[in-house]
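# Survey of secondary and tertiary structure
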Amino acid sequence: MKRGILVQKILGEQRRQMLLDKLKTTTEPLKGGELAALTGVSRQVIVGDMTLLKAKGEPILATSQGYLYLRETGADDIYRVLACHHKPEDTENELYVLVDAGVTVKDVTIEHPVYGELTAGIHVSSRSDVDAFMQRIRETGASYLLELTGGLHLHTITAPNVAILEEAIHNMRAAGYLLEEIE
């Protein structure tokens, strides 16, 4: 192996370890641009680094707010999957209803006719998280997954106790966002 390639490989491994250490020591999402500035490489190099770390089994999640290192949930954390239905323009309010009840919205899932189940991480726990998520949607012009299914989708929500989950479900039902059984 040529010396230049060996040096690049070592530098890459050191950079990825530094990125991993940084992700493990924060609970806030870290944007690719921030990590690129920190390490002196391009954002695209960071995307590649994250892909390599994921391939090695590191539980890294790319969200609209940045990269997160997924920690195992505590023994007391519980979750529910909610079947939801609404128009795209109701997405912001739906997420507010959930986080205002005290839950974290982990993801959104749809059933695509060709690809089957598609899940995307959201990871919002507060109004400011929702605002950042919505801002990213507006900035990129990205479509919501629910647009592929006429508004039908699932959300995985987590909370430290059943009472908080039940309040979120009650509030979603009151807002008309829960998909109820059709007779």
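One structure accompanies this document, and this report is about it. Everything numeric in this text was worked out from a predicted model, so none of it was measured.

## Thoughts on the packing of aromatic side chains
Evaluated as defined, the whole model comprises zero aromatic pairs. Here R127 stacks its cationic end above the ring of Y96, 3.9 Å away from the centre of that ring.

## Re the environment of Y79
Tracing the sequence through the fold places Y79 in strand β3 (residues 78-85). A residue is classified by how much of its surface remains accessible, and Y79, at 57% relative accessible area, is exposed. Those residues in contact with Y79 that sit more than four places away from it in its chain are T156, I157, T158 and L165.

## Quick look at the nonpolar core
Counting residues in hydrophobic clusters, the biggest one holds 28 residues, and the most contacted among them are L82, L98, V103, V124, I157 and M172. Setting aside its immediate chain neighbours within four residues, M172 contacts L82, C84, E94, V97, L98, Y177 and L178.

## Focus: the environment of A132
Relative to the assigned elements, A132 resides in helix α5 (residues 127-140). Taking C-alpha positions, A132 is 6.7 Å from Q65, a pair spaced 67 residues apart along the chain.

## So, the side chain of H86
By secondary structure assignment, the location of H86 is in the loop between β3 and α4 (91-100). Classification of H86 as buried rests on a relative accessible area of 6%. At 3.0 Å, the side chain of H86 and the side chain of E94 are in polar contact. In this structure, H86 is in contact with T91, E94, L146, G151, H153 and Y177, ignoring residues within four places of it in sequence.

## Considerations on the sheet that holds strand β4 (residues 104-112)
The antiparallel open sheet is built from four strands, whose spatial order is β3-β6-β4-β5. Strands at the two margins of the open sheet, each flanked by one partner only, are β3 and β5 (116-124). Averaged over all adjacent pairs, the angle separating strand axes in this sheet is 20°, with direction ignored. Where β4 and β5 come together, seven bridges link them in antiparallel fashion. Bridge assignment links T109 to a residue of β5, and that residue is T119. The sheet strands contacting α4 are β3, β4, β5 and β6 (152-159), and the helix crosses β6 at an angle near 20°.

## Quick look at the pairing of β6
With six of eight residues buried, β6 lies mostly within the body of the structure. As paired elements, β3 and β6 share eight bridges and run antiparallel to each other. When the sheet's bridge partners are listed, I78 is paired in β6 with A159. Strand direction decides the pairing type here: β4 and β6, joined by five bridges, are antiparallel. Bridge pairing links T109 to L154 in β6.

## What to know about unusual backbone geometry
We note that H123 has phi near 50°; this positive angle belongs to a residue other than glycine. Along the chain, the position of H123 falls in strand β5.

## Overview of helix α2 (residues 32-39)
Along α2, the residues that are buried comprise G32, L35, A36 and T39. In an axial view of α2, the angular spread of the buried residues amounts to 105°, which keeps them on one side of the axis. Directly beyond the C-terminal end of α2, a positive phi value near 75° is found at G40.

## Describing the pattern of salt bridges
Tallied over the entire structure, the rule returns four salt bridges. Between R15 and D49 there is a salt bridge whose closest N-O contact spans 2.5 Å. Pair noted here: R15 is in helix α1 (residues 3-24) and D49 is in helix α3 (residues 43-55), with a separation of 34 residues, a long-range link. Since its relative accessible area comes to 16%, R15 is described here as buried. Using a relative accessible area of 3% as the deciding quantity, one classes D49 as buried. In this structure, E166 and R80 form a salt bridge, with 2.6 Å as the shortest nitrogen-oxygen distance. With E166 in helix α6 (residues 162-175) and R80 in strand β3, the pair connects residues that are 86 residues apart, well separated along the chain. Its relative accessible area of 37% is what places E166 among the partly exposed residues.

Criteria and thresholds
- For every chain, the first residue of the written sequence is number 1, and numbering continues from 1 onward in sequence order.
- Two thresholds apply to this predicted model, a pLDDT of at least 70 for residue-level local features and 80 or more for giving and counting side-chain atom pairs, whereas whole-chain, interface and lining totals are computed over all residues.
- Here the side-chain values reflect all heavy atoms present in the structure, with hydrogen atoms and water set aside.
- To pair, rings of Phe, Tyr and Trp, with the six-membered ring standing in for Trp, must have centres within 6.5 Å; the planes then decide the type, stacked if under 30 degrees apart, edge-to-face if over 60, and tilted in the middle.
- Whether a charge lies above a ring is judged from NZ of Lys or CZ of Arg, which has to be within 6 Å of the ring centre and within 35 degrees of the ring normal.
- The secondary structure listing takes helices from DSSP runs of H or I that are at least 4 residues long and strands from runs of E that are at least 2 residues long, numbered from the N terminus.
- Relative accessibility thresholds used throughout: buried, under 20% of the residue-type maximum; exposed, over 50%; partly exposed, between the two (1.4 Å probe, protein chains only).
- We call two residues in contact when some of their heavy atoms are within 4.5 Å.
- Put simply, buried Ala, Val, Leu, Ile, Met, Phe, Trp, Tyr and Cys residues joined by side-chain atoms within 4.5 Å make one nonpolar core.
- Contacts described as polar in this section are N or O atom pairs within 3.5 Å, which, within protein, must combine one atom able to donate a hydrogen with one able to accept it, while residues neighboring in sequence count only if both atoms come from side chains.
- Pairing between two strands is assigned when DSSP locates at least 2 bridges connecting them.
- Axis angles are defined between N-to-C directions and span 0 to 180 degrees, where every axis is a line fitted to C-alpha atoms and, for a helix, only to the segment in contact.
- The directions considered for the arc run from the helix axis to the C-beta atoms.
- The rule for a salt bridge is simple: a side-chain nitrogen of Lys or Arg has to be within 4 Å of a carboxyl oxygen of Asp or Glu.

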